[in-house]
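The residues making up each chain are set out below.
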Amino acid sequence: MKIGVLALQGAFREHCRMLEGCGVTAAEIRKPEELDEVKGLIIPGGESTTIGKLMIEWGLMDKIKVRVEQKMAVYGTCAGMILLAKEIKDSSQPRLGIMDIVVRRNAFGRQRESFEADMTVPEFGPESLKAVFIRAPYIEEAGQDVKVMAKVHNKIVIARQNNILVTAFHPELTKDDRIHQYFISMVKNA
Ligand SMILES: NC(=O)CC[C@H](N)C(=O)O
């Protein structure tokens, strides 16, 4: 099975490494036609304004939307989560806008530019998940069809809406591959 990682800007190499470690072939995606060869897509962390602009410039914005509507599984990390959100607080930046969530960018405040936190994810069992947050957003509101999977400091940081998964943090920067394993099972069942 082949999963794509949007490789325009940001932490895409780390996601590829993580997927390969899970026994899946990872493909860096830069052109719309490369999407035809993958069953799922990861949108990495980085700078959401830059990634959004490049998605339009490279002709990927509409094609990704159509593929997700056709049930391709997609997983957005941090900036990737921002790009999937229907509403971004105080911003009109380009986005896919396909998940029923309201996000706030750089939301944990200045002292919390970057931090680690442990969280419980009921789907993953009792062992807590350590996560790295870097100028992270959080989900301020989630629609009816959105399943909240974990919170940190009482803010939503993992959520799923059908074939769309998002995390406010960067699991590709840790050794714990449970989020990637979970996404791979979403791709298999899509
Ligand atoms: N680690 C990240 O992806 C940071 C996201 C970045 N702060 C943004 O708003 O796009």
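Residues numbered from 1 in each chain as written. Predicted model: local features only at pLDDT ≥ 70, side-chain atom pairs only at ≥ 80, totals over all residues. Heavy atoms only, no water.

Novice: Where do I start with the side chain of R67 in this structure?
Specialist: With respect to the helices, strands and loops of the structure, R67 is situated in helix α3 (residues 61–69). Buried and unpaired, R67 has D36 as its nearest opposite-charge partner, separated by 4.7 Å. Excluding anything up to four places from it in sequence, R67 contacts L35, D36, V38 and M72. (Helix = DSSP H or I, 4+ residues; strand = E, 2+ residues; numbered from the N terminus. Buried < 20%, exposed > 50% of the residue type's maximum accessible area, 1.4 Å probe, protein only. Lys, Arg positive; Asp, Glu negative; His and termini not counted. Salt bridge = Lys/Arg side-chain N within 4 Å of Asp/Glu carboxyl O. Contact = heavy atoms within 4.5 Å.)

Novice: I tried to follow the site of the ligand on my own but got confused; where do I start?
Specialist: Every residue near the ligand is listed here: G45, G46, E47, S48, C78, A79, I82, R105, N106, I134, R135 and H170. Contacts to the ligand include S48, whose backbone N or O atom sits 2.7 Å from an oxygen atom. A distance of 2.8 Å separates a nitrogen atom of the ligand from a polar side-chain atom of H170. Protein contacts shield 98% of the accessible area of the ligand, which totals 300 Å² for the unbound molecule. When the residues that make up the shell around the ligand are grouped by side-chain class, the tally is 4 nonpolar, 5 polar and 3 charged. (Near = heavy atom within 4 Å. Polar contact = N/O pair within 3.5 Å; in protein donor to acceptor, adjacent residues only side chain to side chain. Areas by Shrake-Rupley, 256 points an atom, 1.4 Å probe, with all protein chains shown as cover. Nonpolar A, V, L, I, M, F, W, Y, C, P; charged D, E, K, R; others polar.)

Novice: Looking at this structure, how should I read the UniProt feature "active site" (unreviewed entry) in the chain?
Specialist: If you check UniProt for "active site" (unreviewed entry), the listed places come out as C78, H170 and E172 in our numbering. A compact arrangement is adopted by the annotated residues: their sequence extent is 95 residues, whereas the largest C-alpha distance between any two is 11.2 Å. You can see C78 is positioned in the loop between β4 (73–77) and α4 (79–84). With respect to the helices, strands and loops of the structure, H170 is situated in the loop between β12 (164–167) and α5 (178–189). Taking the relative accessible area as the measure of exposure, H170 reaches 5% and is therefore buried. Discounting residues that sit within four places of it in the chain, H170 has contacts with G45, T77, C78, V132 and I134. (UniProt positions renumbered as here; feature names shortened; annotations may be inferred.)

Novice: Just to check I follow, could you spell out the UniProt feature "binding site: L-glutamine" (unreviewed entry) in the chain for this structure?
Specialist: Those places that UniProt annotates as "binding site: L-glutamine" (unreviewed entry) correspond, in this numbering, to G46, E47, S48, R105, I134 and R135. In three dimensions, the annotated residues from a span of 90 residues occupy one location, with a maximal C-alpha spread of 12.8 Å. Relative to the elements of secondary structure, R105 occurs in the loop between β6 (99–104) and β7 (114–119). Ignoring anything within four residues of it in the chain, the contact list for R105 reads E47, S48, T49, I82, I88, Q93, A136 and P137. Engagement of the side chain of R105 in a polar contact is seen with the side chain of Q93, the distance being 2.9 Å.

Novice: What should I look at first to understand the state of the cysteines in this one?
Specialist: Among covalent bonds in proteins, the disulfide is the one between the sulfur atoms of two cysteines. This structure, assessed with the given rule, holds 0 disulfides. Distance from the sulfur of C22, which forms no disulfide, to the nearest cysteine sulfur (C16) is 12 Å. (Disulfide = S-S within 2.5 Å.)

Novice: Quick question: what am I supposed to make of the nonpolar core here?
Specialist: The nonpolar side chains of soluble globular proteins are, as a tendency, buried together. Ranked by size, the top nonpolar core spans 73 residues in total, and within it M119, F133, V157 and I158 carry the most contacts. The element contributing the most residues to this core is α5, with 6 residues. Here F133 is in contact with F108, E113, S114, F115, A117, M119, V152, V157, A168 and F169, once residues within four sequence places are set aside. (Core = buried A, V, L, I, M, F, W, Y, C linked by side-chain atoms within 4.5 Å.)

Novice: Sorry if this is basic, but what is going on with the packing of aromatic side chains here?
Specialist: Centre distance and the angle of the planes are the two values used to describe a pair of aromatic rings. Counted by the stated rule, this structure contains 7 aromatic pairs. Where Y75 meets F183, the ring centres are 5.6 Å apart and the plane angle is 45 degrees; that geometry is what we call tilted. One end of the pair, Y75, is in strand β4; the other, F183, is in helix α5, and 108 residues separate them in sequence. By relative accessible area, Y75 is classed as buried at 0%. The buried category is assigned to F183, whose relative accessible area is 0%. Relative to Y138, the ring of F108 has its centre 5.3 Å away and its plane inclined at 80 degrees; by these criteria the two rings are edge-to-face. (Phe/Tyr/Trp six-rings, centres within 6.5 Å; stacked < 30°, edge-to-face > 60°.)

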